[in-house]
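# Descriptive analysis of the structure
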Amino acid sequence: MRLIANRLFLIFSTLAALIGLFFLGWILFTLCAKGLAGLSLQVFTHDLIEGGLRNVIVGQIIMSGVATVIGIPVGILAGVYLQEYGGDSKLTEFIRDLSDVMMSAPSIVVGTFVYAIVVIPTGHTSGWAGVLALFILMVPIIVRTTDDMLKLVPVELREAGIAIGASKYHVTMNIVIRYAKAGILTGILLAFARVVGETAPLLYTSGSSEFWSTDLTGTFPSLTVSIYNLATMPDEEMVQLGWTGAFLLTAMVLVINLIGRYASNDKRR
Amino acid sequence: MELIFKKLSQLSAGLLFVILAATTLVLYWSAKPAIEAFGVGFLIETRWGVEEPLVAAGGQLESSDELTGSDSTDGGDDDFIDDEDDFIMDDEDASDDTTREVYGALVPIVGTIFSTLIAMLFSIPIAMGIAVFLAEIASSSIAKPVGVAIELLASIPSIIYGMWGLFYFGPFIASIFGGNTVSLLVAGLVLAIMVIPFMAALSRDAISTVPDMLKESAYAMGATKLEVIKDVVFPYAKAGIIGSIILSFGRAMGETMAVAFVIGGIYQFAGKVTDPTNSIPVVLANSFAESSGLSLSVLFYLALVLFILSFIVIGVAKFYFLRRK
Amino acid sequence: MKFKKALALGVLSLTMGAAAHAAKVEGTGSSFAYPAYKAWSKAYYEDTGNQVNYSPTGSGSGIKEVSAGHVDFGGTDKPLKSKVLAKKGLVMFPTAIGAITFAYNVEGVSGMKLSEKAISGIMLGNIEYWDAAEIKADNASITLPHEKILFVHRSDKSGTTFAFTYYLSKMNKEWRKKIGAKKVVDWPSTNRIAGKGNFGVATAIKSNAFSIGYVDYADAKKNGLDMAIIENREQAFVKPTPGSFEAAATYADLDPKKDFYANIAYPPKGYPIVTATFALVPQLGENSKEVIKFFDYALTKKNSLIEKVGYVSLPAAVIKKIQGYWVEKGLK
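Residues numbered from 1 in each chain as written. Chains lettered and ligands numbered in written order. Predicted model: local features only at pLDDT ≥ 70, side-chain atom pairs only at ≥ 80, totals over all residues.

## Describing the overall build of chain C
Tallying secondary structure elements over chain C gives 14 helices and twelve strands in all. Over its C-alpha trace chain C gives a radius of gyration of 21 Å, about what one expects of a compact globule, namely 20 Å for 332 residues. Buried residues in chain C amount to 57% of all 332 residues. Counting only contacts in chain C whose residues sit at least 6 apart along the sequence, the fraction spanning at least 24 positions is 70%. (Helix = DSSP H or I, 4+ residues; strand = E, 2+ residues; numbered from the N terminus. Rg over C-alpha atoms; globule rule 2.2 N^0.38 Å. Buried ≥ 20, exposed ≤ 12 C-beta atoms within 10 Å, placed from the backbone. Contact = placed C-beta atoms within 7 Å.)

Structure, rendered in structure tokens:
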């Protein structure tokens, strides 16, 4: 009886895995088949207005990149606070909870919030509004990973640092963070990968532009918003471009994730 | 240096609180006209954007008379045009309206909850199956590449799930279960497929934290794999697994792009799972740009409701499940 | 690896991208007009290097944003009256004419005719089955199935819905009294689904049997949908074709004295569900002259471009009037 139950259970698990993988494989297949068909050099050398994706790809990377650059110090510092300064106080727990809540905040709600505080007062969609939305989505992820990673740093290390008379700042920067560096880096890359594929918070904040732009104060080219616009056009070429964009976006996210994995594996060895 | 560093880290932690508080306040403030107009009744009102006569204006009789009276003309008379756009930024003209638009959130709220529940119903067993398969069943030469693949799939942008759902999965489901290609069921299943890799990857991580020693001693006592997983692995990794489910729940509930194309987008309850309905994020995405004045405020109200809903889910889940460790 | 190369290429072209400074114009609004403006803006950019960026956010947003001075021009399918325009300091002119079709999906049935009576019945929810007498009457040669009609409409607020319900209001008194012309409608029919954008409606019709919905000509054509032949004002059945749209467009009463305010649906002759799309420009906006330059170029030189994406060009006489209007408003 026990053995039969066991057998059934194993079969079920394997089957579940197969079903899940089947659908995911289907999506990936669709994406590759549709996306690769339109892939050409022109996609990378021309802007959207000329039937390429150069400006929107670069635009998406710039917005996510700027959000990351601002998000890293804020996220890491907040994580450091939770582990190194906050102790076990109620406040620390409260902030930890807040961060978790923010991590699951619906991205479209973040978009409406930014719309209300940036787009309405300044009067137009802008790259900065997009950056802010992505920043808000990203910070809690970095906080969480930093928090988790610092938790793994052995107390002995910290004590040893203090024992030789180093200040808390030095211990944190040179010992604790260095020890947890790989993990934090992975967290950052994953956070970047998470926001780079976001559409909902950008729809009404950055908008999207058909032209080349590096000016974050104006409507900014966005790959995800453009995919959304293109895929719904009554023009086969534009729809094709949308799928190509979707394929490139996924490829981009996958590459970042792979780098993240590689970085963390490398250090663990 | 020491002090600055400490202050900075405090500041950053405080910023989290500021952002969250600001979000709530700004949403509330933007939603205020709608909250004043519809009150809490908004949450249980089923109509959306339907005009009803304003009893207070006392113009009921008059207005219906006027409408029938204008029937005979069919030339340049455009009295029947909804003039919402004309009055943007000059509200004083709108005040002599004899009707008002009623908005209610119940349909999208119910749609959001049910699509998320359907997603959970399907994704939890499958994701757990995958996690167990990867961590305990498959040999490492299979588990490794499949594990990486799952994690990578977790990062596919959600808009792609939406496009796939509309073109391929919706028609597929309709051919099996009948009904339409866009429905509550399709939306729930697309969400399920979207969160599976995410949930599986996190649960797998939680399961792999179980010390080998624990498992081995159980095996040594003659336990089967099922028993080991049921009695040793799951209890040990419970917090992590539940955490992964909660995060997936939150993600499914707030998802916009994957659902926008496949839920049907109509303000009507789904009598059957194969009927179309609506969800809060989809309403926001569909009407945000086109709205102004009160109808925009209504959307902020809706966003606030969604925000609070997700807040509650996370809060309750954290309190009940995650604290017990 | 391929991607990295691409990235390097992208960065390389970053420097080349920052070309000479040309005029930049921002517009937003009607998604109905998006394919047309995109085609024009592409040609304009290639010919002059000037940038016209148009975002398809919807007619309401077009009105809202241009009124607030956030963009250089707005696109709308719903015209504003002179009084409103004057208050907002805007000028308005039509840019293209489009048509909305009744697209349907009933296997083996093509070239279905719909009388005004049948359309009204379906829309008001009184006709529920495809083999209803009102539909059968004009389709003697077709066997219609006893299946429920699934009505497909827009899930988002839309100018297309406005134009369509405007037509219904003109054509049917009961509709006019009960519902009127709106961008979002509480549809009377019970068996219905919605799609996001014309795209969503077209896709929903295509993939759901026994459905019917209103969708712009370009999307219906692209998806290979069957389009109903409908009864017009002179009780003739008209096929949705560029020719019948043009015939309808000649009746468009586009008068510069009224800032071209006109809902052109339900003309005396030709295809009945036609609509003009308009551009809104601030009379005193700093970029307004650039906007006019763009539309001048588009209307005089590149009008044929938009016919490929399913629109009807404005008649030459109307373009003349528009140019006169620009001069009169001091924009040209």
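What follows picks up the thread again.
## Some remarks on the overall build of chain B
Counting its secondary structure elements, chain B contains twelve helices and two strands. Of the regular secondary structure in chain B, the N- to C-terminal order runs α-β-α-α-β-α-α-α-α-α-α-α-α-α. Split into buried and exposed, the 325 residues of chain B put 50% on the buried side. Taking contacts inside chain B between residues at least 6 apart in sequence as the whole, the part at least 24 apart equals 80%.

## Looking at the nonpolar core
Core analysis: the biggest nonpolar cluster contains 296 residues, and Val190(B) and Leu302(B) have the highest contact counts within it. Looking at which element gives the most residues to this core, the answer is helix H7 (residues 184–207) of chain B, with 19 residues. Inspection of this core shows a minimum of three residues originating in each of domain 1 (26–99 + 255–264 + 272–328) and domain 2 (104–249) of chain C. (Core = buried A, V, L, I, M, F, W, Y, C linked by C-beta atoms within 7 Å. Domains from an automatic or database assignment.)

## What to know about the interface of chain B and chain A
Facing 64 residues of chain B, the contacting portion of chain A comprises 66 residues. Only helix H1 (2–38), helix H4 (106–137), helix H5 (140–153), helix H6 (158–177), H7, helix H9 (225–253), helix H11 (280–287) and helix H12 (293–322) of chain B provide two or more residues apiece to the side of chain B that touches chain A. Broken down by element, the residue count for the side of chain B that touches chain A peaks at 17 residues, all from H1(B). A breakdown of the residues in the side of chain B that touches chain A according to their chemical character gives 46 nonpolar, twelve polar and six charged. (Nonpolar A, V, L, I, M, F, W, Y, C, P; charged D, E, K, R; others polar.)

## Comments concerning the interface of chain C and chain A
With 28 residues of chain C at the interface, the matching set in chain A holds 25 residues. Those elements that provide at least two residues to the side of chain C that touches chain A are helix H1 (2–17), helix H2 (34–48), strand E2 (51–56), helix H9 (197–207) and helix H10 (217–222) of chain C. Broken down by element, the residue count for the side of chain C that touches chain A peaks at seven residues, all from H1(C).

## So, the pairing of strand E3 (residues 73–76) of chain C
Residues and elements named next belong to chain C. Alternating residues of E3 divide into Phe73 and Gly75 and Gly74 and Thr76, and every residue in both groups is buried. Pairing analysis gives three bridges linking strand E1 (residues 24–29) to E3, with the strands arranged parallel. Along E3, the bridge assignment pairs Gly27 with Phe73. Looking at chain direction, E3 and strand E12 (residues 274–282) are connected through three bridges and run antiparallel. (Pairing = 2+ DSSP bridges.)

## Remarks on the sheet that holds strand E5 (residues 113–114) of chain C
In a beta sheet, neighbouring strands pair by backbone hydrogen bonds and run either parallel or antiparallel. Residue and element names in this part refer to chain C. One open sheet accounts for three strands, arranged E5-E10-E11; its pairing is mixed. Edge strands, defined here as strands with exactly one partner in the open sheet, are E5 and strand E11 (237–238). Pairing analysis gives two bridges linking E5 to strand E10 (residues 229–231), with the strands arranged parallel. Its bridge partner being in E10, Lys113 is matched across the sheet by Ile229.

## Side note on the packing of H6(B) against H7(B)
Residues and elements named next belong to chain B. Close contact between H6 and H7 brings their axes to 9 Å; oriented N to C, the two are set at 130°. Between H6 and H7, the angle falls in the class oblique. Considering the relative orientation of H6 and H7, their crossing is right-handed. Every residue of H7 that contacts H6 at Ser158, Tyr161, Gly165, Phe169, Gly170, Ile173 and Phe177 is listed here: Leu185, Val186, Leu189, Val190, Ile193 and Met194. Per-class residue counts for the contact of H6 with H7 are ten nonpolar, three polar and no charged. (Axes fitted to C-alpha atoms, helices over the stretch in contact; angles between N-to-C directions. Parallel < 35°, antiparallel > 145°, perpendicular 65-115°, else oblique. Left-handed = near helix turned anticlockwise from the far one by under 90°.)

## Digging into the domain arrangement of chain C
One widely used convention gives an interface's size as the accessible area the parts lose upon coming together. All names here are of chain C. On domain assignment, one finds that chain C holds domain 1 (26–99 + 255–264 + 272–328) and domain 2 (104–249). Here the C-alpha centroids of domain 1 and domain 2 sit 27 Å apart. Taken together, the contacts link 23 residues of domain 1 with 24 residues of domain 2. Here the element with the most residues in the side of domain 1 that touches domain 2 is strand E4 (residues 90–105); it accounts for three residues. Tallied by class, residues from the side of domain 1 that touches domain 2 come to ten nonpolar, ten polar and three charged.

## Observations regarding H1(B)
With 37 residues, H1(B) should cover 54 Å at 1.5 Å per step; its first-to-last C-alpha distance of 53 Å lies within 8% of that length. A maximum bend of about 55° is found in H1(B) at Lys32(B), where proline Pro33(B) lies one to four positions downstream. (Expected span 1.5 Å × (residues − 1). Bend = angle between axes of the 7 residues up to and from the residue.)

## Some points on the confidence of the model for chain C
Residues and elements named next belong to chain C. Per-residue confidence for chain C averages 87 on the pLDDT scale, and 93% of its residues sit at or above 70. Ignoring residues within four places in sequence, the model shows residues 1–20, a span with pLDDT below 50, making 15 contacts including any to other chains. Confidence metrics for the complex model read pTM 0.84 and ipTM 0.86. (pLDDT = per-residue confidence, 0-100.)

## Considerations on the environment of Ala316(C)
Checked against the element boundaries, Ala316(C) lands in helix H14 (residues 316–328). Once the C-alpha coordinates of Ala316(C) and Ile273(C) are considered, the two residues, 43 residues apart in sequence, prove to be 21 Å apart.

## Things to note about the pairing of E1(C)
All names here are of chain C. Counting buried residues in E1 gives five out of six residues, a clear majority hidden from the surface. Of the pairings in the sheet, the one linking E1 to E2 comprises six bridges and is parallel in character. Following the sheet pairing, Gly27 is matched in E2 by Tyr54. Once you follow E1 into H2 and on to E2, the crossover reads as right-handed. (Right-handed = clockwise from strand over helix to strand, strands pointing away.)

## Describing unusual backbone geometry
Residue and element names in this part refer to chain C. The phi torsion at Gln235 lies on the positive side, around 60°, for a residue other than glycine. Residue position: Gln235 is located in the loop between E10 and E11. Look at Gln235 and you get exposed, because 8 C-beta atoms sit within 10 Å. Phi angles above zero are rare outside glycine, and Phe260 is one such case at about 60°. Relative to the elements of secondary structure, Phe260 occurs in the loop between helix H11 (242–249) and E12.

## Quick notes on the environment of Ala33(A)
Residue and element names in this part refer to chain A. Inspection of the secondary structure assignment puts Ala33 in helix H1 (residues 2–37). The exposure class of Ala33 is exposed, given the 11 C-beta atoms found within 10 Å. Along the backbone, Ala33 and Phe44 are eleven residues apart, and their C-alpha atoms lie at a distance of 19 Å.

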